[in-house]
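Coordinate inspection notes
One-letter residues, chain by chain:
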Amino acid sequence: MKPFLSLSLFSALSLLTVSAHAQAASQSDRQMIAHAHWLNAEQARPATASDTATLQAVPDLTKTAGQYHDLCGTRVTPKILPLDVGGNPGILTAVIEEDPACFGGDGARYTLLDRTRHVVWQNSAAAIAILESRHDGVHDLSFGGPGPKTPVWSWSTARHAYQLRVVIETE
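Residues numbered from 1 in each chain as written. Predicted model: local features only at pLDDT ≥ 70, side-chain atom pairs only at ≥ 80, totals over all residues. Heavy atoms only, no water.

1. With respect to the overall build of the protein chain
Put simply, the rule is: In this text, helices come from DSSP runs of H or I with a minimum length of four residues, and strands from runs of E with a minimum of two, each type numbered from the N-terminal end. Burial classes follow relative accessibility: with a 1.4 Å probe on protein chains only, a residue under 20% of its type's maximum area counts as buried, one over 50% as exposed, and anything between as partly exposed. The contact definition used throughout considers only heavy atoms, calling two residues in contact when any of these lie within 4.5 Å. In short, Shrake-Rupley with a 1.4 Å probe defines the accessible areas, and a residue's cover is counted only from the protein chains shown.
Within the protein chain, the regular secondary structure consists of three helices and 13 strands. Within the span of the protein chain, comprising 171 residues, buried residues form 38% of the whole. For the protein chain, restricting intrachain contacts to residue pairs at least 6 apart in sequence, the fraction spanning at least 24 positions comes to 42%. For the protein chain, the exposed surface amounts to about 9,700 Å²; the carbon and sulfur share of it is 56%.

2. Here's the deal with the state of the cysteines
Going by this rule: The rule for a disulfide is simple: a pair of cysteine sulfur atoms within 2.5 Å.
Following the criterion strictly, the structure yields one disulfide and no others. A disulfide bridge connects Cys72 with Cys102, and the sulfur atoms are separated by 2.0 Å. Because the sign of the S-S torsion sets the handedness, a value of about 75° for the bond joining Cys72 and Cys102 places this disulfide among the right-handed ones. Taken as a pair, Cys72 in the loop between strand 4 (67-69) and strand 5 (75-76) and Cys102 in helix 3 (residues 100-103) lie far apart in primary sequence, 30 residues in all.

3. Overview of the nonpolar core
For soluble globular proteins, nonpolar side chains are generally found buried alongside one another. This is how the line gets drawn: Residues grouped as a nonpolar core are buried Ala, Val, Leu, Ile, Met, Phe, Trp, Tyr and Cys residues, joined through side-chain atoms within 4.5 Å.
Among the nonpolar cores identified, the biggest contains 22 residues, and Leu81, Leu83, Leu112, Ile128, Phe143 and Tyr162 are the most heavily contacted of them. Breaking this core down by element, the ones donating at least two residues are strand 6 (79-86), strand 7 (90-98), strand 8 (108-113), strand 9 (119-125), strand 11 (138-144) and strand 12 (149-156). Apart from residues no more than four positions distant in its own chain, Tyr162 is found in contact with Val85, Leu92, Val120, Trp121, Val138, His139, Asp140, Leu141, Trp153, Ser154 and Trp155. Grouped together as the second largest cluster of nonpolar side chains are eight residues, Leu55, Val76, Ile80 and Val95 included.

4. So, the packing of aromatic side chains
Keep this limit in mind: Centres within 6.5 Å are what make two rings of Phe, Tyr or Trp a pair, Trp counting through its six-membered ring; a difference in plane orientation under 30 degrees is then read as stacked, over 60 as edge-to-face, and the rest as tilted.
Overall, the coordinates contain four aromatic pairs when judged by the stated rule. Both rings, one in Trp121 and one in Phe143, keep their centres 3.5 Å apart while their planes meet at 5°; by these two values the pair is stacked. Of this pair, Trp121 sits in strand 9 while Phe143 sits in strand 11; the two residues are 22 residues apart in sequence, bridging distant segments of the chain. Taking 6.5 Å as the distance between ring centres and 80° as the angle between the ring planes, the aromatic pair formed by Phe143 and Trp153 counts as edge-to-face. In this pair, Phe143 is assigned in strand 11 and Trp153 in strand 12, connecting sequence segments ten residues apart. Using a relative accessible area of 5% as the deciding quantity, one classes Phe143 as buried. An aromatic cluster is defined as three or more aromatic residues linked by ring pairs; in this entry it consists of Trp121, Phe143 and Trp153.

5. Observations regarding the environment of Ser133
Within the fold, Ser133 resides in strand 10 (residues 127-135). Here Ser133 falls in the buried class, since its relative accessible area comes to 18%. As a C-alpha pair, Ser133 and Val152 span 19 residues in sequence and 9.8 Å in three-dimensional space. In contact with Ser133, other than residues within four places in its own chain, are Met32, Val138, His139, Asp140 and Arg165.

6. Comments concerning the side chain of His69
To keep it simple, the criterion reads: Whenever two N or O atoms come within 3.5 Å, that pair is a polar contact, provided that in protein one can donate a hydrogen and the other can accept it, and provided that, for residues adjacent in sequence, both atoms are side-chain atoms.
With respect to the secondary-structure elements, His69 resides in strand 4. The exposure class assigned to His69 is buried, which follows from its relative accessible area of 16%. Polar contacts involving the side chain of His69 include one to the side chain of Thr64, which spans 3.4 Å. Residues in contact with His69, not counting those within four places in the same chain, are Asp60, Leu61, Thr62, Thr64, Thr74, Arg75 and Val76.

Given below as structure tokens:
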């Protein structure tokens, strides 16, 4: 009976310690999000003919009769935003497709491409922030949209892509 009791106490103490650590990390993440510099299509430049190879790498972005169309078939003018995330990927290219009717309240879809034009992240968002925190030597990213929660994505060297690390309650 005693070993079971001491194991239970040990487990309870371990859970309390992990929970306290998670709360501290969450507070730190909330502060980091609050001080983040957000970038969106306003800071990006319209794509030009020299971006054709980059735009061809974006899934569901098609070009017909000299015009680009998003996955909903809406005519869009893709925008390009370089993002220096450091580490092995270095500078990523964000391709931004603005279409609130297609991408909802976020208003746009962001596709991040590495220097070989491999997609390392893609989803709808209203803005992007390069965070101070790093994983595998690469800056974490946050993609903002309307709502009380903000996701933080971390670089995974093994997957050569960003993966969701945590969702921060910001309200």
